[in-house]
There are 2 protein chains.
Amino acid sequence: MANIAKKVSWSGRGDDRGERTPLLNGDEEVKNNRQSLDYDNSENQLFLEEERRMSHMGFRCLEIRRWVICGLIGFLTGLIACMIDIAVEKLAGYKYFAVKQNIEKYTELGGLSISLILWAVLNSAFVMFGAIAVAFVEPIAAGSGIPQIKCFLNGVKIPRVVRLKTLVIKVFGVICSVAGGLAVGKEGPMIHSGAVMAAGVSQGRSTSLKKDFKIFEYFRRDTEKRDFVSAGAAAGVSAAFGAPVGGVLFSLEEGASFWNQLLTWRIFFASMVSTFTLNFFLSIYHGKPGELSSPGLINFGRFDTLNYFSFFPFHFPGGVLGALFNIINYWLTIFRIRYIHRPCLQVMEAMLVAAVTATVSFAMIYFSNDCQPLGQDKAEEYPLQLFCADGEYNSMATAFFNTPERSVRSLFHNPPGTYNPVTLGVFTLAYFFLAVWTYGLTVSAGVFIPSLLIGAAWGRLFGILLCIVLLTCAAAQLGGIVRMTLSLTVIMIEATGNVTYGFPIMLVLMTAKIVGDYFIEGLYDIHIKLQSVPFLHWDAPPTSHWLTAREVMSSPVTCFNRVEKVGRIVDVLSNTSTIHNGFPVVAHTRKICGLILRSQLIVLLKHKVFVERASSRLSQRKLQLKDFRDAYPRFPPIQSIHVSQDERECMMDLTEFMNPTPYTVPQETSLPRVFKLFRALGLRHLVVVDNENRVVGLVTRKDLARYHVGKDGLEELHLAQT
Amino acid sequence: MANIAKKVSWSGRGDDRGERTPLLNGDEEVKNNRQSLDYDNSENQLFLEEERRMSHMGFRCLEIRRWVICGLIGFLTGLIACMIDIAVEKLAGYKYFAVKQNIEKYTELGGLSISLILWAVLNSAFVMFGAIAVAFVEPIAAGSGIPQIKCFLNGVKIPRVVRLKTLVIKVFGVICSVAGGLAVGKEGPMIHSGAVMAAGVSQGRSTSLKKDFKIFEYFRRDTEKRDFVSAGAAAGVSAAFGAPVGGVLFSLEEGASFWNQLLTWRIFFASMVSTFTLNFFLSIYHGKPGELSSPGLINFGRFDTLNYFSFFPFHFPGGVLGALFNIINYWLTIFRIRYIHRPCLQVMEAMLVAAVTATVSFAMIYFSNDCQPLGQDKAEEYPLQLFCADGEYNSMATAFFNTPERSVRSLFHNPPGTYNPVTLGVFTLAYFFLAVWTYGLTVSAGVFIPSLLIGAAWGRLFGILLCIVLLTCAAAQLGGIVRMTLSLTVIMIEATGNVTYGFPIMLVLMTAKIVGDYFIEGLYDIHIKLQSVPFLHWDAPPTSHWLTAREVMSSPVTCFNRVEKVGRIVDVLSNTSTIHNGFPVVAHTRKICGLILRSQLIVLLKHKVFVERASSRLSQRKLQLKDFRDAYPRFPPIQSIHVSQDERECMMDLTEFMNPTPYTVPQETSLPRVFKLFRALGLRHLVVVDNENRVVGLVTRKDLARYHVGKDGLEELHLAQT
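Residues numbered from 1 in each chain as written. Chains lettered and ligands numbered in written order. Predicted model: local features only at pLDDT ≥ 70, side-chain atom pairs only at ≥ 80, totals over all residues. Heavy atoms only, no water.

**A short note on the overall build of chain A**
The following threshold applies: Secondary structure elements are taken from DSSP: a helix is a run of H or I of four residues or more, a strand is a run of E of two residues or more, and numbering for both begins at the N terminus. For the radius of gyration, the atom set is restricted to C-alpha positions; the globular benchmark scales as 2.2 Å times the number of residues to the power 0.38. Buried residues are those whose accessible area, probed at 1.4 Å on protein chains only, stays under 20% of the maximum for their type, while exposed residues exceed 50% and partly exposed ones sit between those limits. In what follows, a contact means two residues having at least one pair of non-hydrogen atoms within 4.5 Å.
Counting secondary structure elements, chain A contains 29 helices and 17 strands. What you see for chain A is a C-alpha radius of gyration of 28 Å, in line with the 27 Å of a compact globule of 722 residues. Referenced to the eigenvectors of the C-alpha coordinate spread, the extents of chain A come out at roughly 95 × 55 × 50 Å. A total of 722 residues make up chain A; the buried ones form 63% of that total. Within chain A, residue pairs in contact and separated by at least 24 positions form 77% of the contacts whose partners lie at least 6 positions apart.

Right under this line is the structure:
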């Protein structure tokens, strides 16, 4: 029956299979390393023994240690956010100060083109440093990092995504790109930074620094690590937007399968600590140590009370413009994958964008003449007089002669009549294309702030002046691009600090999602798909009950016997054509009696735990869970383990090390049931058995990620064979 | 090995087994009806056929209908909240107005005891009506309803808890008890009301009204109903506290097992609609239709900005006092179960409490003499002059001559020096005991507001004047009593409208929980345990990996054959000594091939779906899922189905109706794995098989709810055999 499901290529666009090829070829090495996380605990005898040795107090200590780690994650994430904020403010401050003085000088003298060149060069220089670091040192640090973290929380292990080096480059990169005046925000990378921090702190060691602190060794396995990374991502959101609840919901939305009360509470704790740390240090930096008034990197200012205009569908274009953004960015990304994959080309592109951004901003400033008297309530930081009369300043120019975040705030709050409609229109259009062009550059950058800026700009352009309605326009634009719903609503509520805005924001985001989904998927999903990641959605497609495990599973399955010849194990593991990570262990007649992972086998081979040796070396220390933890997460490849010809003839007893009760399903189980089991328990392998309990197949993430609801019902995707 | 687990009685208090007996006897009928909800979908052939008939569009329509229902739930819950608010305000207004005039009259004349009598009589009258309705018409409407909703969301079906009659009595009851001046809040019952509303609306019919609207028939099964009840509970929280996110988290905390993105989003929608509806109608009622300023029933007013005092452990007594509250209330509840189980006694007790509350308040007012000049910023609603000079009013008296909610606000915000420490001390003590006494009365009542009031009162007493610190004291008291953490933090953040308060509130609630848990459990958990509900916590105890399914399961299991004799089915179902609700269906040699529910068998018997009749009545319409849905949720008892002696000899083919792929586990599976599977998938029955796939046991909720971490490790509880 499986042939009823239409086999289509992955984006429903028909002609992209050829286009994906260069990506696959250029990136083959990365792909083959892309594995799943194992959220299911292997309850083998070693585990049970360790647990039996542990007292009740021991479990309490573990729990306390988890809390301490979460507190640390929050604290350090808050610190990083604070550092980024201060660095950006300082650098951008110097830049705008220099350019402002230059402009003022040349406004009178004439020859403003010198100012333009100064500005463009400064921007390009900043961006160049950032792009070089990303392109040459750690390419995974490009972009906002949200797609990568989504994948990680979904259970896909992406190499190098949570390394310390990535963190350093990310932080450096985002400071450079924001200071370099690109149409980017500094909030997206915070989420990635928080996640890296979490992965590092919770493991108590850094492989990049080759330093093992010998603490938190208990947490060296996928289950625990993923829990902490959830907390880190939440702490990142929390610091970025001052939205601790939004952070928790982001982590849950992207990562949680099974709702775990204590875990959620710990995630919340990390979020709270993170926003508080940021708030605390920023208040000291701003010289007002008592006033905790900046819970996040973003501050939208105060809004007026809700009124019924907020429910008016002003925000309808959000979904359409968001989809347009995504479509253009999709084609651009395809183009980049094909033609701009050399690091130096990538750096040059980034510098070009920086120069163009400076030029566009300059043109905007030059041609606008919205003069406003100086000395209003909201003191602008770098008021530009330009061709205005003395005692006045050019409001349009001033609004955009600043970081995108502050421009958003000006757009929301500046009084009616501040902007000339024509300049505003040109600006909206130019900024839209700049933002599209910028996302996907080889720099660390977030897309939230530019999206909000575009939304607020077209809101103003439509003649909307109430700042709460402008907020919904901005939210619509952002929602149309990223298509997050639940967590984004809460983030916006918390960032604006008023619950009553929740309802219009929610309606806006829903509309934007429905309208946008009609055209194309969300920006992050596009980028995830372009990487051919086997991403699992929340539910199996609703019409797939007639598909059974038999049709979905991979078969035949390589199985091992309880006591298996070492030679066979080495051969199977070395087979590069079929890289399997989990192997059912069977008794006679292929009856299932356990499941063993590649990583476990490799540790066993490394320690030469062979039946023949057990008797000869009685004094030899028994293998413990610690040995598996020490090897985690970078288990050596099979090629590095030397097994002599004699040893190949030895036998290995897997009984003690395999998971003796893996989850199994009968062949008749429907796809939704398999999916639910897989998702709810965070499985990596699900063994399919016949009614004699004999192994007939194995379901992995890739088998499930294939099915998908398209416009005409169930579709089967061609995922890259990774 | 199971005998290692200490067998202790359920509360760890040793001597309560005797005490529980009267409860069991008096309530036997209710207990036997207490079943589990079935969150797992029975994917039998009827289901698959129905799905195959449904187009992709059909699924979209279903999804839209779900959204419409959630919108309706939110709207109606908001309306109810609005109604309760207005009714309470009106009634309490009349009462206080009458009493105030009386007091003013007799202050001059002398003979204030007449005022006291008037007040006490008015209070008792209100409470009498409420208590009569609850005690004689619908006892399940007593209390806040939160324990019942917790159980329902946990998967325990409590009879009559989501009926329309319960809703009517609940709403009437809560209006009476708040207007009757009891130490209660109106927010707890809102959660129950929302849940009832959801259950009613989503089923498209009311059994109480004997009306079937023939809509939403698809949603007549446990899975869908529980989802909607989650949304209703969230909408209730949202309307009560103006906390839509808190509502969502409350539902998740109590109910969710598997995190479902779309469901959460719908729950959020219901919450948002609910708070908005309340806000909208209240703004119209208050004559300011544009100002949406009352998102919830509770309004704490504005707080000053956070400062470091909020982190000082002022709030430490919260946990201890909360535990004291719970301990006294526990003994009181035991006493009530033993001696006050006749409805008229219950009504009299409620009236007594009302009279005592009036007397205490009166004494407080009479003996206090904190005179303050009239005409401050915060105009009190019923200023009492009493023995103060003209142009002054008695502030202490005024603060408590009002509903508890307004008293809390006065305590938070009144300026320093408003209250005399001695009167405040007496008040705190008196109110504490009144609140303890009140919770558990046969009236509809919430415990949130009284808890906050106690907390704010002792905060003031300790000389704390900063309202933000008072808020943390109040939160500590509440946290010490109810021990909610995640959702309560978010509720408090949203109710106060400032994210920065989140961190101190979180720390306070954590401390209160840790301190309180040292003494006794949370109030709701105590009441749930006193009902012997098999409540499942979030995780299996951490030290229970060595317990396996073999020790946990019930066995032997009553199984049916694929084609079974009607006589045997009727006998098994009629056996009152072992009321089972699910039966494995087996092939020869007890090999598992499906699972069938009692409810399904009853529908089959009712429609006489016998093999012998199938051939003779070809024209007879085939049984459809609709027949099962029509019978849902009150399936007739087996006694009401007449099966003749001839029919007993017929055979019934269960193949088409059973769930062909029930989840199974091998006997060696550890308790945590069984638990996780059970909880994550919301199962009601989990079949345990040997390695030949033969049925050896069945795990149900009660088998799992027995295990529990006590102070010295794993304990096994004696749950009532229900």
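**Considering helix α4 (residues 56-109) of chain B**
Quick reminder of the rule: Here a helix's expected span is defined as the number of its residues, less one, multiplied by 1.5 Å.
For α4(B), built from 54 residues, the straight-helix expectation of 80 Å at 1.5 Å per residue is met to within 8% by its first-to-last C-alpha distance of 79 Å. The positive-phi residue at the C-terminal boundary of α4(B) is B:Gly110, with phi of around 85°.

**A word on the packing of helix α20 (residues 502-519) of chain A against helix α11 (residues 261-285) of chain B**
So the rule is basically this: Lines are fitted to the C-alpha atoms to define the axes, a helix being fitted only along its stretch in contact, and any angle between axes, read from their N-to-C directions, falls within 0 to 180 degrees. Any angle that falls under 35 degrees is termed roughly parallel, while one over 145 is termed roughly antiparallel, one within 65 to 115 roughly perpendicular, and all others oblique. Left-handed is the label given to a crossing in which the near helix is rotated counterclockwise from the far helix by less than a right angle, and right-handed is the label when the rotation is clockwise. Classes in brief: Ala, Val, Leu, Ile, Met, Phe, Trp, Tyr, Cys and Pro nonpolar; Asp, Glu, Lys and Arg charged; the others, Gly included, polar.
Close contact between α20(A) and α11(B) brings their axes to 9 Å; oriented N to C, the two are set at 140°. Classified by the angle between their axes, α20(A) and α11(B) sit oblique to one another. In this structure, α20(A) meets α11(B) at a crossing whose hand is left-handed. Contacts between α20(A) and α11(B) involve A:Gly502, A:Phe503, A:Met506, A:Leu507 and A:Met510 from the first element and B:Trp265, B:Phe268, B:Phe269, B:Met272, B:Val273 and B:Phe276 from the second. Split by residue class, the contact of α20(A) with α11(B) holds ten nonpolar, one polar and no charged.

**Examining the packing of aromatic side chains**
Put simply, the rule reads: Between 30 and 60 degrees the pair is tilted, below 30 it is stacked and above 60 it is edge-to-face, where a pair is any two Phe, Tyr or Trp rings, Trp via its six-membered ring, whose centres lie within 6.5 Å. Either the NZ atom of lysine or the CZ atom of arginine qualifies as a charge over a ring when it sits within 6 Å of the ring centre and within 35 degrees of the ring normal.
One pass over the full model with this rule turns up 42 aromatic pairs over all chains. Taking 6.4 Å as the distance between ring centres and 70° as the angle between the ring planes, the aromatic pair formed by A:Trp119 and A:Phe362 counts as edge-to-face. Highlighted residues: A:Trp119 in helix α5 (residues 113-137) and A:Phe362 in helix α13 (residues 343-367), separated in sequence by 243 residues. For A:Trp119, a relative accessible area of 2% translates into the label buried. Between the NZ or CZ atom of B:Lys95 and the centre of the ring of B:Tyr96, over which it lies, the distance is 4.6 Å. The ring of A:Tyr663 has B:Arg673 lying over it, and the distance from NZ or CZ to the ring centre is 4.5 Å.

**Details of the pattern of salt bridges**
Residue and element names in this part refer to chain B. Rules: We count a salt bridge whenever a side-chain nitrogen from Lys or Arg sits within 4 Å of a carboxyl oxygen from Asp or Glu.
Throughout the structure, instances matching the rule amount to 54 salt bridges over all chains. For Lys100, the salt bridge is made with Glu104, and the minimal N-O distance between the two is 2.7 Å. In this pair, Lys100 and Glu104 both sit in helix α4, four residues apart, roughly one turn of the helix. One salt bridge connects Lys565 with Glu649, and the closest N-O pair in it is separated by 3.7 Å. Pair noted here: Lys565 is in strand β9 (residues 563-565) and Glu649 is in the loop between α27 (645-648) and β12 (651-653), with a separation of 84 residues, a long-range link.

**Focus on the sheet that holds strand β11 (residues 592-597) of chain A**
All names here are of chain A. Our working rule: If DSSP finds at least two bridges between two strands, the strands pair.
Strand order across the open sheet formed by three strands is β8-β10-β11, with mixed pairing between neighbours. A single partner strand is all that each edge strand has here, and the edge strands are β8 (560-561) and β11. Note that β8 and strand β10 (residues 582-586) share two bridges and pair parallel. By the bridge assignment for β10, Phe560 is matched with Val585.

**Observations regarding the interface of chain B and chain A**
For clarity, the cut-off: A simple way to read buried area is as the amount of 1.4 Å-probe accessible surface that goes missing from two parts once joined, with both sides added.
Contacts between the two partners involve 84 residues from chain B, matched on the other side by 85 residues from chain A. Buried surface at the junction of chain B and chain A, summed over both partners, amounts to about 7700 Å²; 67% is from carbon and sulfur atoms. For the interface between chain B and chain A, the tally reads four salt bridges. Between A:Asp40 and B:Arg673 there is a salt bridge, and its shortest N-O distance comes to 3.1 Å. For the side of chain B that touches chain A, the elements supplying multiple residues, two or more each, are α3 (45-53), α4, α10 (244-254), α11, α19 (486-496), α20 (502-519), α28 (671-681) and β16 (707-710) of chain B. Ranked by residues supplied to the side of chain B that touches chain A, first place goes to α11(B) with eleven residues. Among the residues making up the side of chain B that touches chain A, the classes are represented as 44 nonpolar, 26 polar and 14 charged.

**Some details on the sheet that holds strand β10 (residues 582-586) of chain B**
Residues and elements named next belong to chain B. What the three strands build is an open sheet, ordered β8-β10-β11; its pairing is mixed. What marks the edges here is a single partner per strand, and that holds for β8 (560-561) and β11 (592-597). Each of β8, β10 and β11 touches helix α24 (residues 598-606); the most contacted strand, β11, lies at about 75° to it.

**Considerations on the relation of the copies chain B and chain A**
Definition in use: Residues below a pLDDT of 70 in either copy are left out; the C-alpha atoms of the rest, at least 70 in both, set the least-squares superposition of the copies.
Note on the identical chains: chain B maps onto chain A by a rotation of 180° and an axial translation of 0.0 Å, with an RMSD of 0.0 Å. The operation mapping one copy onto its partner corresponds to a two-fold rotation axis. An overlap of 100% is found between the interface residues of chain B and their copies at the interface of chain A, pointing to a shared contact surface.

**What about unusual backbone geometry?**
All names here are of chain A. Between Ser555 and the following residue, Pro556, the backbone shows a cis peptide bond with an omega angle of 0°. For Pro556, the position within the fold is in the loop between α22 (549-552) and β8. Even without being glycine, Ser532 reaches a positive phi, approximately 55°. Along the chain, the position of Ser532 falls in the loop between α21 (523-530) and α22.

**Considerations on the environment of A:Pro504**
Residue and element names in this part refer to chain A. Within the fold, Pro504 resides in helix α20. Exposure remark for Pro504: the relative accessible area of 1% places this residue in the buried category. When the C-alpha atoms of Pro504 and Gly516 are compared, they prove to be 18 Å apart, with twelve residues separating the residues in sequence.

**Digging into the environment of A:Phe433**
With respect to the helices and strands, A:Phe433 occurs in helix α16 (residues 421-438). Through-space distance from the C-alpha of A:Phe433 to that of A:Phe325 is 8.1 Å; in sequence the pair is 108 residues apart.

**Quick word on a nonpolar patch on the surface**
We apply this condition: Patch rule: a residue counts if its relative accessible area is over 30% and it has no salt bridge; like charges are joined within 9 Å, and nonpolar side chains (Val, Leu, Ile, Met, Phe, Trp, Tyr) within 5 Å. Using a 1.4 Å probe, the Shrake-Rupley method yields the accessible areas, and only the shown protein chains count as cover for residues.
Together, A:Phe316, A:Val320, A:Tyr518 and A:Phe519 give the surface a local cluster of nonpolar side chains, amounting to about 410 Å² of exposed area. You can see A:Phe316 is positioned in the loop between α11 (261-285) and α12 (317-339).

**Observations regarding the side chain of B:Ser36**
Among the secondary structure elements, B:Ser36 is positioned in strand β2 (residues 35-36). Look at B:Ser36 and you get buried, because its relative accessible area is 13%.

**Let's talk about the state of the cysteines**
Residue and element names in this part refer to chain B. Rules: For this text, the term disulfide refers to a pair of cysteine sulfurs within 2.5 Å.
Overall, the coordinates contain zero disulfides over all chains when judged by the stated rule. Counting only cysteine sulfurs, Cys70 is the nearest neighbor of Cys61, a cysteine outside any disulfide, at a range of 16 Å. For Cys176, which is in no disulfide, the shortest distance to another cysteine sulfur is to Cys82 and amounts to 18 Å.

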